[in-house]
Amino acid sequence: MMMLDWTRRAACLDLDPELFFPISMEGPSQSQVERAKHVCDGCPVRRPCLEYALSTGQAYGVWGGTDPEQRREELSLRAEAAARH
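Residues numbered from 1 in each chain as written. Predicted model: local features only at pLDDT ≥ 70, side-chain atom pairs only at ≥ 80, totals over all residues. Heavy atoms only, no water.

## What to know about the UniProt feature "domain: 4Fe-4S Wbl-type" (unreviewed entry) in the chain
Test applied: UniProt positions are given in the numbering used here, feature names are shortened, and annotations may be inferred rather than shown by experiment. Per the convention used, a helix needs a DSSP run of H or I reaching at least four residues, while a strand needs a run of E reaching at least two, with both numbered from the N terminus.
Sequence positions flagged by UniProt for "domain: 4Fe-4S Wbl-type" (unreviewed entry) are, in local numbering, residues 11-73. As a span, residues 11-73 carries 46% helix and 0% strand, and end to end its C-alpha atoms are 24 Å apart.

## Observations regarding helix α1 (residues 30-41)
We apply this condition: How far a helix is expected to stretch is found by multiplying one less than its residue total by 1.5 Å. Here the term buried applies to any residue with accessible area under 20% of the maximum for its type, exposed to any over 50%, and partly exposed to those in between, with areas from a 1.4 Å probe on protein chains only. When we speak of the arc, we mean the arc of directions from the helix axis to the C-beta atoms. We call two residues in contact whenever any of their non-hydrogen atoms come within 4.5 Å of each other.
Between its first and last C-alpha, α1 extends 16 Å over 12 residues, near the 16 Å set by a 1.5 Å rise per residue. Along α1, the positions that sit buried rather than exposed are Q32, V33, A36, K37 and C40. The buried residues of α1 all sit within an arc of 135° when viewed along its axis, so they share a single face. Seen from the buried face of α1, the exposed residues on the opposite side, beyond 90 degrees, are H38 and D41. Looking at the buried positions of α1, the neighbouring elements they touch are α2 (46-56) and α3 (68-84).

## Notes on the pattern of salt bridges
Rules: Salt-bridge detection follows one rule: a side-chain nitrogen of Lys or Arg within 4 Å of a carboxyl oxygen of Asp or Glu.
Scanning all chains against the criterion turns up six salt bridges. A salt bridge links R78 to E51, with the nearest nitrogen and oxygen atoms 2.6 Å apart. Residue R78 is located in helix α3, and its partner E51 is located in helix α2; the two are separated by 27 residues in the primary sequence. Residue R78 is classed as partly exposed on the basis of its relative accessible area of 30%. When its relative accessible area of 28% is taken as the criterion, E51 is described as partly exposed. Taking the shortest distance from any N to any O, the salt bridge between E74 and R78 comes out at 2.7 Å.

If you want it as structure tokens, here you go:
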């Protein structure tokens, strides 16, 4: 089981979770995505949050300052790097 102790120190802990799960990642929702990412910018547990999202396949929302497309790109880069080693 993955340890989630880091979640108690998250900058988003007391914020409305809906901020991090906009209806869309584009159009009018883009400003919501940017606001969510701004919260992540100063978060002390940004890295563990991102690693959690990557390792559990979080397909929606903003995690660790990234949107779903950014996480797909990161996973692809990691897979390419692993294939070279």
